[in-house]
Protein chains: 4
Amino acid sequence: MKTIQNQKIVNDPIYGFITIPGNLVFNLIEHRYFQRLRRISQMGLSNIVYPGANHTRFHHALGSMFLMQKAVQTLRSKNIEISEEEEEALYIAILLHDMGHGPFSHAMEHLIIENVSHEYISLCFMNKLNAEFKGKLDLAITIFKNEYSRKFFHQLISGQLDMDRLDYLKRDSFYTGVSEGTVNSQRLIAMLHVKNDHLVVEEKGIYSVENFIIARRLMYWQVYLHKTGVGAEQLLVRIFQRAKYLIAKHGEPTAGKNLNYFLKNSIKKKDFDDSVLEMFSKLDDSDIFFAIKQWKDHHDFVLSNLCRMLLERDLLKVKIENNMPALEVIRDLQQDFSDYHNVSIEEASYFIFSGKLENQAYSMKKNTINLLRKNGEVIDVAKMSDQLNLEALSESVIKYYLCYPKRMR
Amino acid sequence: MKTIQNQKIVNDPIYGFITIPGNLVFNLIEHRYFQRLRRISQMGLSNIVYPGANHTRFHHALGSMFLMQKAVQTLRSKNIEISEEEEEALYIAILLHDMGHGPFSHAMEHLIIENVSHEYISLCFMNKLNAEFKGKLDLAITIFKNEYSRKFFHQLISGQLDMDRLDYLKRDSFYTGVSEGTVNSQRLIAMLHVKNDHLVVEEKGIYSVENFIIARRLMYWQVYLHKTGVGAEQLLVRIFQRAKYLIAKHGEPTAGKNLNYFLKNSIKKKDFDDSVLEMFSKLDDSDIFFAIKQWKDHHDFVLSNLCRMLLERDLLKVKIENNMPALEVIRDLQQDFSDYHNVSIEEASYFIFSGKLENQAYSMKKNTINLLRKNGEVIDVAKMSDQLNLEALSESVIKYYLCYPKRMR
Amino acid sequence: MKTIQNQKIVNDPIYGFITIPGNLVFNLIEHRYFQRLRRISQMGLSNIVYPGANHTRFHHALGSMFLMQKAVQTLRSKNIEISEEEEEALYIAILLHDMGHGPFSHAMEHLIIENVSHEYISLCFMNKLNAEFKGKLDLAITIFKNEYSRKFFHQLISGQLDMDRLDYLKRDSFYTGVSEGTVNSQRLIAMLHVKNDHLVVEEKGIYSVENFIIARRLMYWQVYLHKTGVGAEQLLVRIFQRAKYLIAKHGEPTAGKNLNYFLKNSIKKKDFDDSVLEMFSKLDDSDIFFAIKQWKDHHDFVLSNLCRMLLERDLLKVKIENNMPALEVIRDLQQDFSDYHNVSIEEASYFIFSGKLENQAYSMKKNTINLLRKNGEVIDVAKMSDQLNLEALSESVIKYYLCYPKRMR
Amino acid sequence: MKTIQNQKIVNDPIYGFITIPGNLVFNLIEHRYFQRLRRISQMGLSNIVYPGANHTRFHHALGSMFLMQKAVQTLRSKNIEISEEEEEALYIAILLHDMGHGPFSHAMEHLIIENVSHEYISLCFMNKLNAEFKGKLDLAITIFKNEYSRKFFHQLISGQLDMDRLDYLKRDSFYTGVSEGTVNSQRLIAMLHVKNDHLVVEEKGIYSVENFIIARRLMYWQVYLHKTGVGAEQLLVRIFQRAKYLIAKHGEPTAGKNLNYFLKNSIKKKDFDDSVLEMFSKLDDSDIFFAIKQWKDHHDFVLSNLCRMLLERDLLKVKIENNMPALEVIRDLQQDFSDYHNVSIEEASYFIFSGKLENQAYSMKKNTINLLRKNGEVIDVAKMSDQLNLEALSESVIKYYLCYPKRMR
C-alpha cells in the first residue's frame, strides 16, 4: 500500500481542484478496478449528439467524492456529528458505488449481463476490495447496503439528492454545453441538514430544489433521451442482440476473449463469482468498439449493416410521439424493407422497430426530498411548493419512438 | 457625428466581445443620455444581498443589442427577410428601450416621478434623439411603439421572450452567482422563428422555454424578491417618502439641485417637456446616495435613522408569509416602538409596515410564447407542455412581507 | 455584537460561495467602516473601457479572505502549524488591509489626502476597530505591521504572492473579460509552503509563478494602464486639482460637507485623528460623482469643461510613446488651445499635458518569490527560470503619455 | 449528398454553439473519414494526469472551423476581400488538415507509420475526398499545400497563430482545467489583419501575442510534457516497439486485422495508396487499447508487464533534469533490474531508459508573428516586445527524462 506524503490534488474543469482525502482512498483510486473506469465513458453514445460529452465514470466518481467532502463540511458546521471513520466510509462508498457499471452501461446493462444489476456488481467489487484491504471497507459497505443506523449516510450515497446526482447533472450539463440544465450543487449542499437521522433541505432552499427537479427533467428530454442519441443506442442494442443470436446459432462472430464470455453465456447472480468479476473488470469501451469495427465486415446482412451505420453515424431516423405507433405502420415499413433488401421480416425488424421512453422528474414514492421548516417540521417538497406542481412531475411521462432507416430503399 | 473606422468592440465577461454595428449606433452609445446609464445600476440594491451584482444599465443595454444581432442572424438564416434599415432600427430600439429608467428605478419609479412610466420617458428620450439625429430613429420609434406592421419586430424588443429579458436574466444570474437561474439565451435564440409576422419558437425548443420560465421564477424569489433585498428597498422607499413629506412641510432637507426638483414637484406626463427631460437625464445613483448620506445627520428622527440603517446595512427584519399579517400585530409593534422611542404612531409606521410581493412566472394573457409545430401549426407553450403545469404558473403568486427593526428597543 | 448561528455564506460569481469564518469576522464585515467599501469601486474609472468592471472593494476584500482560507488549509495539510488565533488574525488582517482606500484611490490618493498613504489609514481604521472590539484585533495588527515573528504571516497579507494580488488579478480579469490575464489562484495556493518561517512556492510551481508574473504584466498594460483609462483618470485628477485651486482662491466651488473638508485642508499624517478618520469614512464614489455633476455647470471654463468631458465620455486623446514628448510639441498645442478658446496657457495645461507610466512586472528588490527545491534549497524564481528572463522583467518599463482634446478647435 | 434545410448547430461547452456553414462542409463532416475522428482523443494519454482531458480530434476540428468563421468575419470587416469560394475553402482546409492523425498520434506517429507524416496522410485523405466530391476541394487543397497566391490563407491554416493552435490551446486548457494556460482566441482574432497578403496582428495586440506565447510555453511544460504523461507515453511507445519486435521475430502477438497490417509492414510514402489509406482510416483509439489489454496476458515478460503497467496506471518513475543522465546510472539500474527479474539487459532497457524533451515557445525561423504598426510598418513581434525577451524564448529548451520502475525489486 502506497503512502502519500503531500495532499494529492486532481485538476477538474468544474470544481478547480479535487483533493484526495487520505491513503486508503488514494489506494482505492489507484486500484486497477477503479482505474478501469478511466476507459468507460459516463454518457455512452451521447457524444454522437453532444461532441463534448466524453467524460468518464472515473472523473464522475472523483467529482461525487468532492461534493461529499463539501457535504460533510456543511453538516459538521451545523453541528451534525460525523466521526472520522464515518467520513472516510462516505468517501469510499460514493467513490465505489457506480463501479459495477460496464461499458455503455445504460444501453448494454441487459445485454452483457442479463440478470444482474450494476448495483449488485458494485457490491461484488466492494466485497472483493474489502478482502484485499483487510476489512477497511466494512462501514462503507454497510452504508452502501443501507444497513447503517443513521439513514442519512445512505441518502447521501443514493437518494433523490445524493452526491452522485448532484455531480452527474452538473458534469453532464457542463460537458454537453447544455448550460440551462445546470444545477447549483454547492448551494443545494449548503442547504442540507439532518433531522432524526434523515437528510433534509432547509426551507429556504425550496427554489433550488424545484430548479434541481426541473433541470433534471430538462436534461432527460434534451440530452439523455435525445432522439438521435436514442436512435444510436438502439443500434448498439440491436448489434449485440444480433451478435448474441448469431453466436448462439453459429458460434460466431467472435469478439475479444472477455466480451465473448459474456455474449456466449447467460450470467446470473449466482454465477457472479470472483472469476466472472475478474473478467467483467477487464471490459471497457474499447472492447465494444473493437467488436463493432470487426463485425462491420461480417457476412451477416443485419450485423454488418447495423455496425456500419453506427460507426459512420448513418443513424436510423427516429420519431418521438405521445402514442404508441400503430402496428400496421411498423409492419408496412418492415415489409417494404424486407422486399427491397430481400431479407426476412425478422431481419427487417432490426432496422424498423418501436419502443418506450420514460421520464420521471421526481418520485413521490421512494425517497422524497424533505424540507425542514423553521419550526422544525419536516415536509415533502411536493406538498410545499406553492405553484409548481411537483405532484404532477412525479408522474412518469411516457413517450414512444419509432425507428427506421433514412433511406428505405 | 463621429465615424468609426474599425469595427468597435467592447469586452463582455458573458459574451466575450460585443461588436458595435455601424456609426449611428456608435454615436447613440456615445451620447450623454446613453453614457448616463453607466452610472445607473441594473439591479438597484440587490448588491446588498449579492455583492457581485454591480452591473449597470449601460452594460445590459449593450448585451441586449448583442443578442439582437444573434437573433437577426438566426432569422435571416431561416429565410426571414430583414432589411438593413430594419436591422439598424432593431439595434437602436433595443439599445434605447430602457433609457427612461432613473436611478433605483424599480423602487423609486413612483417616488421621483409619480405618474409617468419609464417606457414613456424612454420614448421622450428617443424623440429628442431623433430630432438631434435628423429623423434617423423614425423606424426604431415606430417599432418601439408597436406601430410597425411586422409585429415580431416589436416582440423582439418587448415580449415574453424579448432580447431584454434574455440578457437581463442571464446577466443577473451571472453577476449574482445564482448560476441555477441561468438561461441559455443562445439556444433560445437559435430556436426562434417567425410565422405570420409573429415570433414563434420551434417545437423542439419546448424544454428550453420551460426552463426559461422556471429560471425566471427562481430569479424572482431567490434574487429580485429576496427578503433582505426587499427590506433594503423598502427602507429606500420610506427614506424618500419621508424626505418628500418634510420638504413639502418645511422646505427641507435639500438634495442636489436636480433631485430636489423632482422631490418638490409632482411631475405629470404633460409636464414632461424638454427641460424636465434634461434635468431627469442628469440623475443617477450618486444623487441618491449623496442625499442619503447627507440626510443621515438630519435632525428628523425618522429620516436620519432610516438613512443610517441603509448605509450601515442595519436593515429591518423581514418576514415573508403567505397571508397578510394581522393589523393588530403591526399596530402592537408600532405602539411598542412609539412608546420606546417617544415618537408618534405615524412616525413608527416608517419602521414597521407590511406589503405585498407578486410574481407571475408566465403570463397567458398578454404575449404568450407560441411554439411552431412541425406541421406549421402555432400553439401556446402552456397548452403544449405535457406535464409542467404552465397554466398554474401563469397565475400570480402573492406573498406578504412584514418589516420591523431587529432591535425593537 | 451579533452572533451568527449558521454558517453565513455569500455568493461569489468567481468562487461560488464564500463562508464567513466566525462571529468576530462577521461583526467586522457588518461594521459601517467595512460596509462603506460597498460603495467604492475596485477599479475606479476602468469601467470606462471595460464596462463589466464595477466590482467593489467590499467584494474584493471578501474574495481575498476566501483565498486566505484556502491558504491556511493548504499549509496545515503540509504540517505547518497555524493556531486558531493566528488563523482568525490572518482573516482579519486580509479583510481590513485595504480599508484605507478612499474613492478612486488610485488616481485620487494624493488629491484628497496629500501626504498620507492608504496603508497608514488602514492602520488607523484597525486601531479604531481594535478599541471597539476590545483588543481582539491585536494579533491581526501585529501581522499587518510586519511585527510578527513568523514572517510568512505578513507575506500572505502583503508580498509578491499575497492573497490580495491573487484575488484582484483574478477578479479584475474576470470582470473586465480580459480572460487571458487570469491567474490560477487555486493552483498557486496549492503550491505554497513555508520554509524557515518564510513563504515559498514548491519547485514544480515554477510555470504557474512565471505565468502569474506575465499575467500581471499583461493586466497592467492592457487594463490598469490602458490609454483610454489613463486619459479618464487624468481628467479626474485635473478636475480635483482645479477645484482645489479654485477653493483655495475663491472659497468655492463647494462639494459635499465631508469631501469639502479634505479639499480645503491639507491633511498630514499627524492630523489624522479620530474625527478626521470619521469624516474620511464617510467618503465614497458618490461624493466624487456628485461633485463632478455639480461642477459641470460651474462658471470656470476649465472646471466645467473637464467635468463635462468626463461625464459624457468625451475624453482626451491619449498617445502612448516610449520617449517623453518634446516640450515644444506640448507648448504648441497649449498655445493653439489658448488662442482658440481665449484662455491662459496655464488653463490650457489642464487639457494638454504629458506624464509617465511605469510598470514593473516583478520586483527583485523587495520581496522576491522564492522556490523551494526538492533538496530543501530556497531560490529566487528569477534565478531559476531557465529561459523566461525574469530579471529583465524586474526592471521597470517606463512609457509616456501625451493628452490633448480630440477637437482642438 | 444530403442537403440541410436549417442551419445545423452543434453544442460546444467553450464557444456555445458552432454553426455548420453550408452543405458541402456538412457532408464532409458526415463522411466516415471525418466521423472516425470521434474515436481519436486529442490529447492521447494526457488524461492519465488530467482526467478531464477526453476531448476528441473531431471536436477540435469543429472548434478550429468556428474560429475560422470568426477570422473571416473580422478580416472582412477590415475590408479584406474574401470571396465565398475562398471562405468555403478555408473552412474545409481547417476542418481536414489534421485528418491524417492516427490514434495516439503524438506518441505513435513513428510506430504505426514509420516514415509518413500526418500532414501527408491528411493530404491523401483530402485528395480522396476531392475525387468523391468531384473537385469541390480543389481550392482547399491548394491552400493546404501553400500553393495559393494569397499567403495569409495558408497562414490561417498553419502558422504561428493559426486557427488550429488558437483552438487547441484554448480547448486543452479548458478540458484539463489548467485555466492559466488559456488564450483569448477571440481577442487575438479580433486583432488580425492582412498586409501584402500576409497575416499580421495589429500593434495594440502585442500583449495578447506575448501572453499567447507564454501560455503556450506553460501548456507545454505543465501539460504536454508533464512528466507523468511523458512516462505513460513512453510506456505506450515501448509496448509497440516490443510488439513489433516480437511480431517480426515470431509472427505474434496479433492485434486486430487493420492494426496488424501496420505493425507487420513498414509503410513508406510510396506505399500509401488507396487501400492502405482505407485500412488506416479504420484505426482508432479502441484498437490500441484492445491490443494492450490482450497483450497484458502474453507470455513475453516485457510485453505483458508494460501493458499491465499502463492499464493499471502503475507507471514508471520519471525524473526530469537539465542534463542528460549519466550512462552508468542507467546501466546500473538496468543491471539491477536484469539481475532481479532474470531478464537480459536489452529487456531491462524497456523499463529503464532516458530521452529528450524539447520545447520551443516561439520560432523566429519559420513563420514569425508580425505586428502591423500604425504607420503601416510590419515588424516581428520578437523585435518589438520591449522587455519580454522573446528572442530568448525562440531558442529551444531541452530537458532530459530518466524512466525506471517505482519498485526496482
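Quick caveat: nothing in here was measured; it's all calculated off a predicted structure.

1. Considerations on the confidence of the model for chain A
For chain A, per-residue confidence averages 92 on the pLDDT scale, and residues scoring 70 or more make up 96% of the total. Under the prediction, the complex receives an ipTM of 0.93, its pTM being 0.94.

2. Re the relation of the copies chain C and chain B
You can overlay chain C on chain B at an RMSD of 0.0 Å; the transform is a turn of 180° with a shift of 0.0 Å along its axis. Such a combination of turn and shift is consistent with a two-fold rotation axis. No C-alpha of chain C lies nearer the rotation axis than that of C:Ser286, which sits 2.2 Å from it.

3. With respect to the relation of the copies chain D and chain A
Taken as rigid bodies, chain D and chain A are interconverted by a rotation of 180° and an axial shift of 0.0 Å, the fit giving an RMSD of 0.0 Å. A share of 100% of the interface residues of chain D reappears at the interface of chain A, consistent with the copies meeting face to face through the same patch.

4. As for the pattern of salt bridges
If you walk through the whole model with that rule in mind, you get 84 salt bridges over all chains. Taking the shortest distance from any N to any O, the salt bridge between B:Asp287 and C:Lys293 comes out at 2.2 Å. Here B:Asp287 is found in helix H15 (residues 285–295), whereas its partner C:Lys293 is found in helix H15 (residues 285–295) on a different chain. Each of the two residues, B:Asp287 as well as C:Lys293, counts as buried. Taken together, the shared-partner salt bridges in this structure form one network comprising A:Arg32, A:Glu278, D:Lys296, D:Arg308, D:Glu312 and D:Asp314.

5. Let's talk about the nonpolar core
If you look at the biggest cluster of nonpolar residues, it comprises 610 residues, and the most contacted ones within it are A:Phe240, B:Phe240, C:Phe240 and D:Phe240. If we ignore the near neighbours within four places in the chain, the residues touching D:Phe240 are D:Met108, D:Leu111, D:Leu259, D:Leu263, D:Ile288, D:Ile292 and D:Trp295.

6. As for the interface of chain D and chain A
Residue-level contacts link 38 residues of chain D with 38 residues of chain A. Of the roughly 3,400 Å² buried where chain D meets chain A, counting both sides, 53% is carbon and sulfur surface. For the pair chain D and chain A, the number of links is eight salt bridges. A salt bridge links A:Lys293 to D:Asp284; the nearest nitrogen and oxygen atoms lie 2.9 Å apart. Counting residues per element, the ones that place at least two in the side of chain D that touches chain A are strand E1 (8–12), helix H2 (32–35), helix H3 (57–77), helix H9 (163–176) and helix H15 (285–295) of chain D. Broken down by element, the side of chain D that touches chain A gets its largest block of residues, five residues, from H15(D).

The rules behind the values
- Residues numbered from 1 in each chain as written.
- Chains lettered and ligands numbered in written order.
- Predicted model: local features only at pLDDT ≥ 70, side-chain atom pairs only at ≥ 80, totals over all residues.
- Heavy atoms only, no water.
- pLDDT = per-residue confidence, 0-100.
- Least-squares fit on C-alpha atoms with pLDDT ≥ 70 in both.
- Contact = heavy atoms within 4.5 Å.
- Salt bridge = Lys/Arg side-chain N within 4 Å of Asp/Glu carboxyl O.
- Helix = DSSP H or I, 4+ residues; strand = E, 2+ residues; numbered from the N terminus.
- Buried < 20%, exposed > 50% of the residue type's maximum accessible area, 1.4 Å probe, protein only.
- Core = buried A, V, L, I, M, F, W, Y, C linked by side-chain atoms within 4.5 Å.
- Buried area = accessible area lost by both parts, 1.4 Å probe.

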